[in-house]
Amino acid sequence: MTTSNSATAQILGIGSRLGAKASGAIAAFADGLAGTVPAANTCNCMILADENGLSAHRRDALKQWQTWFGLPAGNAERLKQDLGKLPRGRTLLRAGRGRAVMTRLALPAATRDVLGQVVRNKVESLAPWPVSEVLWGYRMAGAPQGEHIMVDVGIISRKTAAELLNKLEAADVKISRFEVGDSDGLLDGIEIDVHGKERRQVMRGRVKFAMTAVAAAAIIVGAYGSYLTYKTMAETAAVEDGIAKVQNLLRNKNGAGSASQRLAAANVLYARKRETRPALELLDTVTKLVPDGIWLSTLDIDASTLTISGRGTQVPGVIETLESSDAFKDVNFASATQREADAATDSFSISAVIEAKAPAP
């Protein structure tokens, strides 16, 4: 093992570990948002694939599965045509007898906390295919019986599941739930999550995109704050330079004839500097006054007028808080407020007159 006392190497190592932890946390968060397989009772039609071929089923008035019609085995065009009769909504695909294996296991009640690992080990001996080539699922079968729990296990080869899914997707049928179940009685089957990896990948992409957008927004806000700082410093420097020039002219003997005019100009510059509120002060005041639930998109300072735009759910509260400050007056809407139905928020633009600073005692 190679070690290093370099501070840089240690810092890089810490950063790498923190990055790995953050990446893992983001992945776990996205996996949590990805959700689970829809429940069987939310599907209004089912495609059953068993030893007799494919058949379509729909729920009756009592929410029980009833055979609807059979589907052709080899005619792709006919299959697509018949599947076009399916109603809109979630569709369940069930692999029945002849396509999958179902069995019931009696396991010690003590295995409940590690049931997934125990069932997986049983799958190795139950499956007629290598364990790396199968998909499987399980469910509790009723209440415990003495010191044992009953568990139903369903197993299907990955190749068989892929063939069924590809055939139906080629017929423009989106499968919301996949399960293994008995063909007789058409009771609920055993869920197998065949789309979990896809859902997690999609959600991870969405989370990363959202975080990138937030980071970009933070950079833009920081850059705008830096611009305001630079602008304020430049304006202050210009005023101070103007005062210094007038003072130098007043000290110049050759300019004594116009001393009163130059003195007046110096006083105007000094008064403007003393009464004008710096942009950073206004930005800090607005930040403290804006209530929770309001997001600002633009902030514009033009001479003695402040204009802010944004969106949120408490727009009237913005006007009230700005009016309560000694920094603003004549606060009003600069344009009509618009309702954003999708986000349940209001877009607004508000203007206010900037009050001059009170003279120092």
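Residues numbered from 1 in each chain as written. Predicted model: local features only at pLDDT ≥ 70, side-chain atom pairs only at ≥ 80, totals over all residues. Heavy atoms only, no water.

**Here's the deal with the overall build of the protein chain**
Then comes step 1: Check the secondary structure of the protein chain and you find eight helices and 13 strands.
Then comes step 2: In the protein chain, which comprises 361 residues, the proportion classed as buried is 32%.
Then comes step 3: The contacts in the protein chain between residues at least 6 apart in sequence include a share of 59% that link residues at least 24 apart.
Then comes step 4: Put simply, the protein chain shows about 22,500 Å² of open surface, and 54% of that area lies on carbon and sulfur atoms. (Helix = DSSP H or I, 4+ residues; strand = E, 2+ residues; numbered from the N terminus. Buried < 20%, exposed > 50% of the residue type's maximum accessible area, 1.4 Å probe, protein only. Contact = heavy atoms within 4.5 Å. Areas by Shrake-Rupley, 256 points an atom, 1.4 Å probe, with all protein chains shown as cover.)

**Thoughts on the packing of aromatic side chains**
Then comes step 1: Per the counting criterion, the structure on display carries three aromatic pairs.
Then comes step 2: Directly above the ring of Trp65 sits Arg59, whose terminal nitrogen or CZ lies 4.0 Å from the centroid. (Phe/Tyr/Trp six-rings, centres within 6.5 Å; stacked < 30°, edge-to-face > 60°. Lys NZ or Arg CZ within 6 Å of the ring centre and 35° of its normal.)

**Observations concerning the pattern of salt bridges**
Then comes step 1: Tallied over the full model, the rule gives ten salt bridges.
Then comes step 2: Residue Lys80 pairs with Asp172 through a salt bridge whose shortest N-O separation is 3.3 Å. With a gap of 92 residues between them, Lys80 in helix α2 (residues 76-83) and Asp172 in the loop between α4 (158-170) and β8 (177-180) connect regions that are remote in the sequence.
Then comes step 3: Using a relative accessible area of 38% as the deciding quantity, one classes Lys80 as partly exposed.
Then comes step 4: Glu179 serves as the salt-bridge partner of Arg94, at 2.6 Å between the closest nitrogen and oxygen. (Salt bridge = Lys/Arg side-chain N within 4 Å of Asp/Glu carboxyl O.)

**As for the confidence of the model for the protein chain**
Then comes step 1: Averaged over all residues, the pLDDT of the protein chain is 78; the fraction at 70 or higher stands at 76%.
Then comes step 2: Element-level mean pLDDT values for the protein chain span from 57 in helix α1 (residues 7-33) up to 92 in strand β7 (residues 148-157).
Then comes step 3: This stretch, residues 29-34, has a pLDDT under 50; its non-local contacts, to residues over four places away or in other chains, come to eleven contacts. (pLDDT = per-residue confidence, 0-100.)

**Comments concerning the nonpolar core**
Then comes step 1: The biggest cluster of nonpolar side chains holds 25 residues, and the ones touching the most others in it are Ile47, Leu83, Leu86, Leu93, Ile156 and Phe178.
Then comes step 2: Residue assignment for this core shows that the elements contributing at least two residues are β1 (45-50), β2 (53-59), β3 (65-71), α2, β4 (91-95), α4 and β8.
Then comes step 3: Examining the composition of this core, we find that four residues originate from one element, α4, more than from any other.
Then comes step 4: For Ile156, the residues in contact, after removing those within four places along its chain, are Ala95, Arg99, Ala100, Trp129, Glu133, Val134, Leu135, Ala161, Phe178, Val180 and Ile192. (Core = buried A, V, L, I, M, F, W, Y, C linked by side-chain atoms within 4.5 Å.)

**Details of α2**
Then comes step 1: Turning to α2, its buried residues are Leu79, Asp82 and Leu83. Across the axial projection of α2, the buried residues extend over an arc of 95 degrees, all falling on one side. Seen from the buried face of α2, the exposed residues on the opposite side, beyond 90 degrees, are Glu77 and Gln81.
Then comes step 2: Those residues of α2 hidden inside the fold are in contact with β1, β2, β3 and α4. (Arc of directions from axis to C-beta.)

**Comments concerning the environment of Leu168**
Then comes step 1: By the element assignment, Leu168 lies in helix α4.
Then comes step 2: Of the residues examined, Leu168 reaches a relative accessible area of 2% and is grouped as buried.
Then comes step 3: In the structure, Leu168 is positioned 92 residues away from Ala76 in sequence and 9.6 Å away in space, judged by C-alpha atoms.
Then comes step 4: Excluding its chain neighbours within four sequence positions, the residues that come into contact with Leu168 are Ile47, Leu83, Leu93, Val173 and Ile175.

**Topic: the side chain of Thr232**
Then comes step 1: Tracing the backbone shows Thr232 in helix α5 (residues 196-251).
Then comes step 2: For Thr232, a relative accessible area of 12% puts it in the buried group.
Then comes step 3: In this structure the side chain of Thr232 is engaged in a polar contact, spanning 2.9 Å, whose partner is the backbone oxygen of Leu228.
Then comes step 4: Setting aside residues up to four positions removed in sequence, Thr232 forms contacts with Pro278, Ala279 and Leu280. (Polar contact = N/O pair within 3.5 Å; in protein donor to acceptor, adjacent residues only side chain to side chain.)

**Describing the sheet that holds β2**
Then comes step 1: Taken together, the six strands give an open sheet; going across it, the order is β3-β2-β1-β4-β8-β9, and neighbouring strands pair in mixed fashion. The sheet terminates laterally at β3 and β9 (190-191), the two strands that pair on one side only.
Then comes step 2: Bridging between β8 and β9 involves two bridges; their strand directions are antiparallel. If you follow Glu179 over to β9, its bridge partner there is Glu191.
Then comes step 3: Seen against the sheet, α2 touches β1, β2 and β3 and runs at an angle of roughly 150 degrees to β3.
Then comes step 4: Of the strands in this sheet, β1, β2, β4 and β8 touch α4, which is tilted by about 145 degrees from β4. (Pairing = 2+ DSSP bridges. Axes fitted to C-alpha atoms, helices over the stretch in contact; angles between N-to-C directions.)

**Re the sheet that holds strand β10 (residues 294-302)**
Then comes step 1: In space, the four strands of this open sheet follow the order β10-β11-β13-β12, with antiparallel pairing throughout. Among the strands making up the open sheet, the edge pair consists of β10 and β12 (328-340). This sheet shows a mean twist of 15 degrees between the axes of neighbouring strands, independent of strand direction.
Then comes step 2: By the bridge criterion, eight bridges tie β10 to strand β11 (residues 305-312) in an arrangement that is antiparallel. Note on β11: the bridge partner recorded for Leu296 is Gly310.
Then comes step 3: Together, β10, β11, β12 and β13 (345-354) form the strand contacts of helix α7 (residues 279-289), whose direction differs from that of β10 by roughly 155 degrees.

**Some thoughts on the pairing of β11**
Then comes step 1: Bridging between β11 and β13 involves eight bridges; their strand directions are antiparallel. Following the sheet pairing, Ser309 is matched in β13 by Ser349.

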